[in-house]
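Residue-level structure breakdown
This is what each chain is made of:
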Amino acid sequence: GRPEAPEGVIDLPLEKSGEPGDEQVRPTADGQVARTRYRTVSPHGAHGAHGAATLLAVELDTGRTHQIRAHLAAIGHPLLGDPRHGNDASHALERRLGLERLFLHAGTLRLPHPETGAALVLEERLPDDLARAGPLAPQPDQLAQPAHFEPRPCHMRLPSCRVPGEVRWSGAGL
């Protein structure tokens, strides 16, 4: 499917529940603040008897566990390849497209250099297995376009350093 608006903000608190290793992340009124911005990259996507998928660019204002997955599922558009938040229609389309994992990719990471403070931009192309997903794979010019998000600091913990940064993701949701 396609979100009703071509771009928007999902502002739903998220809470983890369940046993370690089998935890679920769900929107709840008592959860931690979580905010995700998205925009449609590919308006056409992949279509089939079991629904359609749209490629989105997603940016996090917070960094909660499984935030993108939980937020997109909460608005009725789970990421393809998501065994926890997907549904029958998304799983059927995954099989049709030959996806064997989550269709989620961190394409751009921007953060200040830990020593100089200069802007450090790390980019990674879409992995081959996701690029082969046929009509979902973005054209090179679609990923090269600016994300059209207002720059905002993102105060989430990054794997190797603890400085404010910005991550831009690409994902395909049903």
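Before reading on, note that the structure itself is shown above.
To start, this report covers the structure provided alongside it.

Here we take up the overall build of the protein. If you tally the helices and strands in the protein, you get 4 helices and 8 strands. Ordered by position from N to C terminus, the α and β elements of the protein give β-β-β-β-β-α-α-β-β-α-α-β. Per-residue burial over the protein gives 43% buried out of 174 residues. A fraction of 62% describes how many contacts in the protein between residues 6 or more apart in sequence connect residues 24 or more apart. Surface summary for the protein: the accessible area is close to 9,500 Å², and the carbon and sulfur share equals 51%.

Before going further, it helps to spend a moment on helix α1 (residues 67-74). Extensive coverage of α1 is indicated by the burial of 6 of its 8 residues. Taken together, the buried positions of α1 are Gln67, Ile68, Arg69, Ala70, His71 and Leu72. Backbone geometry just downstream of α1 places Gly76 in the positive-phi region, at approximately 85°.

If you look at the biggest cluster of nonpolar residues, it comprises 12 residues: Val41, Ala53, Leu55, Ala57, Leu80, Leu93, Leu97, Leu99, Phe103, Leu126, Leu130 and Ala133. Of all the elements in the fold, those that place two or more residues in this core are β5 (51-60) and α2 (88-97). Of all the elements, β5 adds the most residues to this core, at 3 residues. Residues within four places of Leu99 in sequence aside, it is in contact with Leu80, Glu94, Leu130 and Ala133. With 10 residues, the next largest nonpolar core counts Tyr38, Leu56, Leu79 and Leu104 among its residues.

Of the pairings in the sheet, the one linking strand β2 (residues 14-17) to strand β3 (residues 24-27) comprises 4 bridges and is antiparallel in character. Residue pairing across strands places Leu14 opposite Pro27, the latter belonging to β3. Hairpin remark: β2 followed by β3, antiparallel, with 6 residues in the connecting loop; positive phi at Gly18, about 100°.

Next up on the list: the environment of Val121. As for its position among the elements, Val121 is in strand β7 (residues 119-123). Accessibility expressed as a relative area gives 43% for Val121, which makes it partly exposed. Here the alpha-carbon distance between Val121 and Arg110, two residues 11 residues apart in the chain, equals 4.5 Å.

Rules used in this analysis
- Residues numbered from 1 in each chain as written.
- Predicted model: local features only at pLDDT ≥ 70, side-chain atom pairs only at ≥ 80, totals over all residues.
- Heavy atoms only, no water.
- Helix = DSSP H or I, 4+ residues; strand = E, 2+ residues; numbered from the N terminus.
- Buried < 20%, exposed > 50% of the residue type's maximum accessible area, 1.4 Å probe, protein only.
- Contact = heavy atoms within 4.5 Å.
- Areas by Shrake-Rupley, 256 points an atom, 1.4 Å probe, with all protein chains shown as cover.
- Core = buried A, V, L, I, M, F, W, Y, C linked by side-chain atoms within 4.5 Å.
- Pairing = 2+ DSSP bridges.

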